[in-house]
Amino acid sequence: MTQTDTATLATPADGLPKAKDFTALLRPGLPLGQTPLKSLYKYLVQPDIMSLSAGLPPAATFAFSALQVTARNPTTPMGQDPLGGDRSKDAPDAVHFDIPFTPESGKVVVPGSSTCLLSSLQYCPTEGLQSFHKCVQQHVAKMHSPPYQDWEVTGSVGNTDALDKALGLLTEKGDTLLLEEWTYPAAVDNAHSRGLSLEIIPMDKDGMDPDTLDATLTQWPTERARPKVVYLVPTGQNPTGITMPLERRLALYQLAQKHNLIILEDDPYYFMQYPAYHSPEARTAASVDPLAPKGVNNLIPSFLRLDVDGRVIRMDSFSKVLGPGLRLGWITANAQFCHYLRLHGETTTQSPAGLSQALVTELLTHEWEDAGWIGHVQRIQEHYTEKRDHFLDMVEKHLKGLVDYVAPEAGMFVWLRVLLPQAVLETEGIMDKLFQDLVKAKVLLVPGYFFLGQVDRTLKKDAPYFRTSFAAAHPSLYEPCLAKFGEVLRQYIDA
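Residues numbered from 1 in each chain as written. Predicted model: local features only at pLDDT ≥ 70, side-chain atom pairs only at ≥ 80, totals over all residues. Heavy atoms only, no water.

As annotated in an unreviewed UniProt entry, the protein carries the name Aminotransferase class I/classII large domain-containing protein and comes from Dimargaris verticillata. Per its UniProt entry, the protein bears the Sequence similarities (unreviewed entry) comment "Belongs to the class-I pyridoxal-phosphate-dependent aminotransferase family." Per UniProt, the comment on the protein under Cofactor (unreviewed entry) is "pyridoxal 5'-phosphate". (UniProt positions renumbered as here; feature names shortened; annotations may be inferred.)

What follows is the structure in structure tokens.
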């Protein structure tokens, strides 16, 4: 099956099942119901209720009266200008919209029902403003079409918050988290703070190795509690840049079914997929545009799209596509999981920031709409494709024979494995020395061992890897940085 061949995937017309019951996998001691004050919310939203119950600040005290917003035109290419072109309010193609203090005349506002400031500056439901909740729910239905009936969405403060909530839902001290050998450091640190053991599974060019995962679980010691959760970053993985093909996703999902695992799908780079890398000569000779974006219809199906059981907790974020400072995302999971995730939120984050929800909802629902969202995604894909291509061109020019890598087809990272002589690589502390020599040469890369899926990352401090990113740096920096890197590496060969 190719990544666009989804004929065997369940569709809404198939008569969808309900999610399986995963009660046995929940962490003991979860809250049984809403906090006492939150339990009154169902009455507060009744427009004719006379309430003296709410400890809410009155609207008269809110500092902001209206927002006038200027946004990018999603049809305008970003180019390689550090600011993405003219960002002034007078830019000729800018999109303008207002968020007023009160809604249209005659409309009654109940808490959480509108994007106007009267509502978005007030406390709102844990899952988010009704308008935001509807926006992301429709987005998930269009983009992922989960193949079971009772899926829901709930707001998050980005994917790190979502991961914290998901681990709190399913794990307790002494449990084991399965994860890729090289992975997002915050996942490791969060798991450690919870007293979890970490079981790393080796990776190949397509991501986590399913054969090793299967063997690990099949041979799991009977005296240890079996793992319940596997954490994956399937698209543009941080740090390796690997994107799992559909076949690998299917294999891992089937193993999750076999061993009754919950998949935590951390996927902030999903819409940052782009074409395969080709050399400058091949790009010049290509009969099709090598920068042609994938848009939203040719993306590899997510684990959520494959999930007939309701065993995937998918974490999405606007951080990489609209701006990380929004601190806004959402979780998609079965109704049972979402119920407990909302209860968790009631006693921690409360809800995502109302202003962020209002900005994003108004932009996506009333200004850009579907065509604008798709156009923005395509512009992002073009931007990253151009930067990725130029970066790898410079890798090939200055580091050929000194490193190898998997050319990323999503995200913002290139994972470089240095190819120094074996005797050099076996020298104790060699990678730290190399790092210090790079710093002296005014080149900063991230040492690979920072991303080891273990608490004691120094266990592999001499792993011969560096993570590089072509995202934030201007393309004019690629060549001098990588040329210096090559010069430093050659000193180790010539010594």
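Draft legend 1. Spatial organisation of the packing of aromatic side chains. For the coordinates displayed, the defined rule picks out 15 aromatic pairs. For Arg314, the ring lying beneath its charged end belongs to Tyr270, and the centroid distance is 4.9 Å. (Phe/Tyr/Trp six-rings, centres within 6.5 Å; stacked < 30°, edge-to-face > 60°. Lys NZ or Arg CZ within 6 Å of the ring centre and 35° of its normal.)

Draft legend 2. Representation of the environment of Lys258 in the model. With respect to the helices, strands and loops of the structure, Lys258 is situated in helix H7 (residues 246–259). Considering only alpha carbons, one finds Lys258 and Thr61, 197 residues apart in sequence, at a separation of 56 Å. The residues touching Lys258, leaving out its near neighbours within four places in the chain, are Asp214 and Thr218. A distance of 3.0 Å separates the side chain of Lys258 from the side chain of Asp214, its partner in a polar contact. (Helix = DSSP H or I, 4+ residues; strand = E, 2+ residues; numbered from the N terminus. Contact = heavy atoms within 4.5 Å. Polar contact = N/O pair within 3.5 Å; in protein donor to acceptor, adjacent residues only side chain to side chain.)

Draft legend 3. Structural context of unusual backbone geometry. Between Asn238 and the following residue, Pro239, the backbone shows a cis peptide bond with an omega angle of 25°. Checked against the element boundaries, Pro239 lands in the loop between strand S8 (229–232) and H7. Positive phi, normally seen in glycine, also occurs at Arg327, with a value near 45°. Within the element layout of this structure, Arg327 appears in the loop between strand S10 (312–317) and strand S11 (329–334). Phi is positive for Gln350, close to 70°, though the residue is something other than glycine. Considering the arrangement of structural elements, one finds Gln350 in the loop between helix H10 (335–346) and helix H11 (354–367).

Draft legend 4. Spotlight on helix H12 (residues 369–399). With 31 residues, H12 should cover 45 Å at 1.5 Å per step; its first-to-last C-alpha distance of 44 Å lies within 8% of that length. Downstream of H12 by a residue or two, Gly401 has a phi angle that is positive, lying close to 85°. (Expected span 1.5 Å × (residues − 1).)

Draft legend 5. The side chain of Asp437, seen in detail. The topology assignment puts Asp437 in helix H14 (residues 430–440). Given a relative accessible area of 17%, Asp437 falls into the buried group. (Buried < 20%, exposed > 50% of the residue type's maximum accessible area, 1.4 Å probe, protein only.)

Draft legend 6. Summary view of the packing of helix H3 (residues 130–143) against H11. At a minimum axis distance of 9 Å, the contact between H3 and H11 shows a crossing angle of 50°. In terms of orientation, H3 and H11 fall into the oblique class. Judged by the sense of rotation from one axis to the other, the crossing of H3 with H11 is left-handed. When H3 is examined against H11, the residues Ser131, Phe132 and Cys135 are found in contact with a partner set consisting of Gln357, Thr361, Leu364 and Thr365. In terms of residue class, the contact of H3 with H11 is made up of three nonpolar, four polar and no charged. (Axes fitted to C-alpha atoms, helices over the stretch in contact; angles between N-to-C directions. Parallel < 35°, antiparallel > 145°, perpendicular 65-115°, else oblique. Left-handed = near helix turned anticlockwise from the far one by under 90°. Nonpolar A, V, L, I, M, F, W, Y, C, P; charged D, E, K, R; others polar.)

Draft legend 7. The nonpolar core, seen in detail. Ranked by size, the top nonpolar core spans 72 residues in total, and within it Phe318, Val418 and Phe485 carry the most contacts. With nine residues, H12 is the largest single contributor of residues to this core. In this structure, Phe318 is in contact with Phe132, Val136, Gly323, Leu326, Leu328, Gly329, Trp330, Val360 and Leu364, ignoring residues within four places of it in sequence. Counting 40 residues, the second-largest nonpolar core is a separate cluster that includes Leu177, Leu198, Leu264 and Phe451. (Core = buried A, V, L, I, M, F, W, Y, C linked by side-chain atoms within 4.5 Å.)

Draft legend 8. Representation of the side chain of Asp307 in the model. Position of Asp307 among the secondary structure elements: in the loop between helix H9 (303–306) and S10. The side chain of Asp307 sits in the buried core without any salt bridge; Arg311 is the nearest counter-charge, 5.2 Å away. A distance of 3.0 Å separates a polar atom in the side chain of Asp307 from the backbone nitrogen of Arg311. Sequence-distant contacts of Asp307, defined by excluding residues within four places in its chain, comprise Pro147, Tyr148, Tyr253 and Val312. (Lys, Arg positive; Asp, Glu negative; His and termini not counted. Salt bridge = Lys/Arg side-chain N within 4 Å of Asp/Glu carboxyl O.)

Draft legend 9. Region of the structure containing the sheet that holds S8. Pairing is mixed across the open sheet formed by seven strands, whose spatial order is S3-S11-S10-S9-S8-S4-S5. Since the sheet does not close on itself, it has two edges, and those belong to strand S3 (151–156) and strand S5 (197–201), each with one partner. Each strand of the sheet is rotated relative to its neighbour by a mean of 20°, with strand direction disregarded. By the bridge criterion, four bridges tie S10 to S11 in an arrangement that is antiparallel. By the bridge assignment, Asp316 is partnered in S11 with Trp330. (Pairing = 2+ DSSP bridges.)

Draft legend 10. Representation of the sheet that holds strand S12 (residues 403–404). The strand order across the open sheet formed by four strands is S12-S13-S15-S14, and the pairing between neighbours is antiparallel. The strands lining the two open edges of the sheet, one partner per strand, are S12 and strand S14 (446–447). Inspection of the sheet shows strand S13 (residues 413–418) paired to strand S15 (residues 465–469) by five bridges, in the antiparallel sense. The residue of S15 that forms the bridge with Leu416 is Phe466. Seen against the sheet, H14 touches S13, S14 and S15 and runs at an angle of roughly 35° to S15. Along the sheet, helix H15 (residues 478–494) contacts S12, S13 and S15; its crossing angle with S13, the most-contacted strand, is approximately 15°.

Draft legend 11. Quick look at the packing of helix H6 (residues 210–218) against H7. Packing of H6 against H7 brings their axes to within 10 Å, and their N-to-C directions diverge by 10°. Put simply, H6 runs roughly parallel to H7. Residue-level contacts link Pro210, Leu213, Asp214, Leu217 and Thr218 of H6 to Arg248, Ala251, Leu252, Leu255, Lys258 and His259 of H7. Its residues placed into classes, the contact of H6 with H7 shows six nonpolar, two polar and three charged.

Draft legend 12. Quick look at the confidence of the model for the protein. Of all residues in the protein, 94% attain a pLDDT of 70 or more, and the chain-wide mean is 91. With pLDDT under 50 throughout, residues 1–13 is counted as low confidence; its partners more than four residues away or in other chains account for 24 contacts. (pLDDT = per-residue confidence, 0-100.)

Draft legend 13. Fine view of the pairing of S8. Side chains Val229 and Tyr231 of S8 all project onto a buried face; the interleaved residues Val230 and Leu232 project onto the opposite face, where all are buried too. Of the strand pairs in this sheet, strand S4 (residues 176–180) and S8 are connected by three bridges, and their pairing is parallel. Pairing of Leu179 across the sheet is with Tyr231, part of S8. Bridge count between S8 and strand S9 (residues 262–266): four bridges; the pairing is parallel. Within S9, the residue paired with Val229 across the bridge is Ile262. The β-α-β motif built from S8, the intervening H7 and the parallel element S9 has right-handed crossover chirality. (Right-handed = clockwise from strand over helix to strand, strands pointing away.)

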